[in-house]
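Chain and residue survey
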Amino acid sequence: MSSVSSSTSVSRLSAAPARGVEVRPLSPALGAEIHGVDLTRPIDDATFAVIADAWREYLVILFRDQVLSEDDQVRFAQRFGALQGRPRPASMRAETAVKHPEIMLVSNIRENGKPIGSLPDGEMQFHSDMCYIEKPAKGTFLYAIEIPSIGGDTHFLNMYDAYDSLPADVKAKINDRKAVNVFQYGSTSREGNNPNFDEHPHYTHPMVRTHPDSGRKALFVNRLMTWSVEGMDEAESAALLDRLFDHIEQPKFIYEHKWRVGDLLLWDNRCTLHARTDFSDKERRLLRRCVIQGDKPY
Ligand code: SIN
């Protein structure tokens, strides 16, 4: 790891500064980089408090220049909660080279023509991980092992700000509404997703959820996986969702992350969305992902 200074530069945090740890915001919308933490080593309580506090405040946390084994990543993730099992049936998974069954490889690398991981290719629209199950993932930990020279960036979106900035009449329309979320594994766009509810996992959640830690309201709909609004006819539901998606996906709510090998990103699926930009199929991309269990949104 690179050397770091010994102050905490962010005054918005409430946890006491841990020696050698610095938190630096990444964009006006969301995201902060934490310097001075080597995630292969035990993390004392004071340092963990700064990380947890920064995560609550900035929603997406970046650690650079990490050299992490699968065990290191899992150990760090488990400080935040129990690992979430993977809903995708094992028979549908190609990857064999993982030690922990909860680890997913996000990769376009193919062996014998078959992807070694999941979510292999190209652009992916905004979504929240596992919003199509009863208790969607609380946080996701994604670690970069191989990265293309151009593209394959991950964009993050602040769903507190997206909600707060909605006009009052739209808030009134959605505050007590639910919408159904569905995911056909492997789809990367709304057009490729499939609302055949007999075949694909789906769950109906509030369109606006209250974050259990901050008590703040966040929008909980996304272009890739939110299919329709409960209690509305198809045209009304489509018009409302389109309006929400266009509002949500404004640059002012977004942090664009350009990956470097050794980056570990942690994001909060309860108040952010993420999307991936396109990249060449001639270049390799390999990241290691695990998620921690969440609660039923309310
Ligand atoms: C994901 O949605 O978990 C994958 C994001 C990415 O590949 O950048």
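Throughout, residues of each chain are indexed from 1 in the direction in which the sequence is written. Side-chain atom pairs in this predicted model are given and counted only at pLDDT of 80 or more, local residue features only at pLDDT of at least 70, and totals for whole chains, interfaces and linings cover all residues. Side-chain measures here rest on the full set of heavy atoms in the structure, leaving out hydrogens and waters.

Let's shift gears to the site of the ligand. Taken together, Val 106, Leu 119, His 127, Asp 129, Thr 154, His 274, Arg 276, Arg 285 and Arg 289 make up the full set of residues near the ligand. Calculation of accessible area relied on Shrake-Rupley with a 1.4 Å probe; when residues are assessed, cover is drawn exclusively from the protein chains displayed. Notes on the ligand: free accessible area 260 Å², of which the protein chains cover 100%. Considered class by class, the residues forming the shell around the ligand number 2 nonpolar, 3 polar and 4 charged. Whether a residue is near a molecule or strand depends on its heavy atoms: if one lies within 4 Å, it is near. As a working rule, the residues Ala, Val, Leu, Ile, Met, Phe, Trp, Tyr, Cys and Pro are called nonpolar, Asp, Glu, Lys and Arg charged, and the rest polar, with Gly in that last group.

Further remarks concern the pairing of strand S8 (residues 139-146). Exposure categories follow from relative accessible area, calculated using a 1.4 Å probe and restricted to protein chains: below 20% of the type maximum is buried, above 50% is exposed, and the middle band is partly exposed. Note on conventions: DSSP H or I runs of at least 4 residues are helices, E runs of at least 2 residues are strands, and numbering of each starts at the N terminus. With respect to burial, S8 is a largely interior element, 6 of its 8 residues being buried. A pair of strands is considered paired only if DSSP assigns at least 2 bridges between the two. Where S8 lies against strand S18 (residues 286-292), 7 bridges are found, and the strand directions are antiparallel. Paired with Gly 139 across the two strands is Ile 292, which belongs to S18.

This part covers the sheet that holds strand S4 (residues 104-107). With respect to topology, 7 strands assemble into an open sheet ordered S1-S2-S3-S16-S8-S18-S4, the strand pairing being mixed. Across the chains shown, the open sheet's two edge strands, defined by having one partner strand only, are strand S1 (22-25) and S4. In this sheet, adjacent strand axes meet at a mean angle of 25° when their direction is disregarded. Where S8 meets strand S16 (residues 264-268), 5 bridges bridge the pair, whose relative direction is antiparallel. Only the stretch in contact is used when a helix axis is fitted, and all axes are lines through C-alpha atoms; the angle between N-to-C directions ranges over 0 to 180 degrees.

With antiparallel pairing, 4 strands are arranged side by side in an open sheet as S7-S17-S9-S15. The sheet is open, and its two borders are formed by strand S7 (124-127) and strand S15 (254-257), each paired with just one other strand. With direction set aside, neighbouring strand axes in the sheet form an average angle of 15°. In this structure, strand S9 (residues 154-158) lies alongside strand S17 (residues 272-276), joined through 5 bridges in antiparallel fashion. For Asn 158, the partnering residue across the bridge sits in S17 and is Thr 272.

Turning our attention to the domain arrangement of the protein. Domain segmentation is taken from an automatic or database assignment of domains. Under the domain assignment, the protein is made up of domain 1 (12-108 + 127-151 + 257-272 + 279-292) and domain 2 (158-248). Taking only C-alpha atoms into account, the centre of domain 1 sits 24 Å from that of domain 2. In this description, contact between two residues means that some pair of their heavy atoms is separated by no more than 4.5 Å. At the junction of the two partners, domain 1 supplies 20 residues and domain 2 supplies 21 residues. Here the quantity called buried area is the accessible surface, traced with a 1.4 Å probe, that two parts lose on coming together, added over both. Taken over both partners, the interface formed by domain 1 and domain 2 buries close to 1,800 Å², and the fraction arising from carbon and sulfur atoms is 67%. Three residues stand out in domain 1 for area buried against domain 2, namely Cys 131, Tyr 132 and Arg 270, and they jointly supply 40% of the buried area on that side. By convention in these notes, a salt bridge is any Lys or Arg side-chain nitrogen within 4 Å of a carboxyl oxygen on Asp or Glu. In this assembly, domain 1 and domain 2 are joined by 1 salt bridge. Two residues, Arg 270 and Asp 213, come together in a salt bridge whose shortest N-O distance is 3.5 Å. We call two N or O atoms a polar contact when they sit within 3.5 Å, provided that within protein one can donate a hydrogen and the other can accept it, with sequence-adjacent residues counted only if both atoms are side-chain atoms. Run the count over domain 1 and domain 2 and you get 8 residue pairs in polar contact (both at pLDDT 80 or more).

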